[in-house]
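Structural features, examined
Each chain, written out:
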Amino acid sequence: MIKVLIADNHPIVRMGVTNVLEAATGFEVVDTASTTSELFEKLEKVTPDVIMLEMDIPEINGIATLRKLKKENPDVKVLMYSGQSEDVYALSTIRAGAFGYLSKASDIDYIISAVRKVSEGNMFITNELAQRLAFDEGTQKPRRFFRKLSTREVEVLKLLASGKRNKDVAIGLNLNEKTVSTYKARLMKKLNVDNMVDLLQQAKALELY
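So, how was this worked out
- Residues numbered from 1 in each chain as written.
- Predicted model: local features only at pLDDT ≥ 70, side-chain atom pairs only at ≥ 80, totals over all residues.
- Heavy atoms only, no water.
- Helix = DSSP H or I, 4+ residues; strand = E, 2+ residues; numbered from the N terminus.
- Buried < 20%, exposed > 50% of the residue type's maximum accessible area, 1.4 Å probe, protein only.
- Contact = heavy atoms within 4.5 Å.
- Areas by Shrake-Rupley, 256 points an atom, 1.4 Å probe, with all protein chains shown as cover.
- Pairing = 2+ DSSP bridges.
- Axes fitted to C-alpha atoms, helices over the stretch in contact; angles between N-to-C directions.
- Salt bridge = Lys/Arg side-chain N within 4 Å of Asp/Glu carboxyl O.
- Expected span 1.5 Å × (residues − 1).
- Arc of directions from axis to C-beta.
- Parallel < 35°, antiparallel > 145°, perpendicular 65-115°, else oblique.
- Nonpolar A, V, L, I, M, F, W, Y, C, P; charged D, E, K, R; others polar.
- Phe/Tyr/Trp six-rings, centres within 6.5 Å; stacked < 30°, edge-to-face > 60°.
- Lys NZ or Arg CZ within 6 Å of the ring centre and 35° of its normal.

The name given to the protein chain in an unreviewed UniProt entry is Two component transcriptional regulator, LuxR family, with the source organism recorded as Pseudozobellia thermophila.

Quick look at the structure:
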């Protein structure tokens, strides 16, 4: 039996995914959580094989939560599950230690196959994403840039794109303000822009907001 914990702030999503998994053979949803603090409280009582983690779960962002999970619960495998752009975030979350990334736009059948594959210690990404990672598509030139960005750079860019100031980004990611300025300069260089307006345009092209 594969034990699953679902961490998502939407009650309908938690209920829907629970129903899908428990209707299939070999799965047990041992608990659910709606925030990161609730997630870590639950992990003191249950030990799932797989955590389905929403990218935008409240309190700590998904990638930071993923890092904390890998540090405090190294044996638990994490499948990121999100409505965020798969092209941009899948690679970043896998670099940060996730065993896979599943878009909320994916077919329901993918939930079962993804959780099963991750529980076995294998990596899961959709065939469509694998093809897009392998080949540059001329119609999606802006998205080529995301491969140049580190996981932390994607986090910084997303917060800047949401209107956060350097100080707020520093607090949100537990960095000092000078480091955020360094990341911003690096982002501008990698995305080939020289001002904040163009940087935010690139963020928009990457579907970060």
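Here the narrative resumes, following the displayed structure.
1. Details of the overall build of the protein chain
Helices and strands together make up the secondary structure of the protein chain, namely eleven helices and five strands. Counting every position in the protein chain, which comprises 209 residues, the buried fraction comes to 47%. Here the analysis covers contacts within the protein chain between residues at least 6 apart in sequence; of these, 61% occur between residues at least 24 apart. Per element, the accessible surface of the protein chain, about 10500 Å² overall, is 50% carbon and sulfur.

2. Considerations on the sheet that holds strand S2 (residues 27-33)
Here five strands make up an open sheet; going across it, the order is S2-S1-S3-S4-S5 and the pairing parallel. Two strands bound the open sheet, and with one partner strand each, they are S2 and strand S5 (100-103). The average angle at which neighbouring strand axes cross in this sheet is 25 degrees, direction not considered. Both strand S1 (residues 2-7) and strand S3 (residues 50-54) contribute to a ladder of four bridges, which runs parallel. Note on S3: the bridge partner recorded for Leu5 is Ile51. Sitting on the sheet, helix H1 (residues 11-23) touches S1, S2, S3 and strand S4 (77-82), and the angle it makes with S2 is about 170 degrees. The sheet strands contacting helix H5 (residues 108-119) are S1, S2, S3, S4 and S5, and the helix crosses S4 at an angle near 155 degrees.

3. Comments concerning the pattern of salt bridges
Here the structure, examined in full by the defined rule, presents ten salt bridges. Among the salt bridges present, the one from Asp31 reaches Lys42, with a minimum N-O distance of 3.1 Å. Residue Asp31 is located in strand S2, and its partner Lys42 is located in helix H2 (residues 36-42); the two are separated by eleven residues in the primary sequence. Relative accessible area serves as the criterion here: at 18%, Lys42 is assigned to the buried category.

4. Some thoughts on H1
Taking 1.5 Å of rise per residue, the 13 residues of H1 would be expected to cover 18 Å, and the 18 Å separating its terminal C-alpha atoms lies within 8% of that figure. For H1, every residue scored as buried is listed here: Arg14, Val17, Thr18, Val20 and Leu21. The buried residues of H1 occupy one face: seen down the axis, they fall within an arc of 165 degrees. Opposite the buried face of H1, at more than 90 degrees from it, the exposed residues are Pro11, Ile12, Met15 and Ala23. Lining the buried residues of H1 we find S1, S2, S3, S4 and H5.

5. Describing the packing of helix H8 (residues 151-161) against helix H10 (residues 177-190)
The geometry of H8 relative to H10 is characterised by a closest axis approach of 10 Å and an angle of 95 degrees between their N-to-C directions. Relative to H10, the element H8 lies roughly perpendicular. Residues Arg152, Glu153, Val156, Leu157 and Leu160 of H8 lie in contact with H10, whose contacting residues are Tyr183, Lys184, Arg186, Leu187 and Lys190. A class-by-class count of the residues in the contact of H8 with H10 yields five nonpolar, no polar and five charged.

6. Examining the side chain of Thr18
Secondary-structure assignment places Thr18 in helix H1. When neighbours within four sequence positions are excluded, Thr18 is seen to be in contact with Ile6, Val29 and Thr32.

7. Some details on the packing of aromatic side chains
Applying the stated criterion across every chain, the model contains one aromatic pair. Seen from their ring centres, Tyr110 and Phe124 are 5.9 Å apart, and the 70 degrees between their planes marks the pair as edge-to-face. Linking Tyr110 in helix H5 with Phe124 in the loop between H5 and helix H6 (127-134), this pair joins segments that are 14 residues apart in sequence. Note that Lys68 overlies the ring of Phe40, its terminal NZ or CZ placed 4.3 Å from the centroid.

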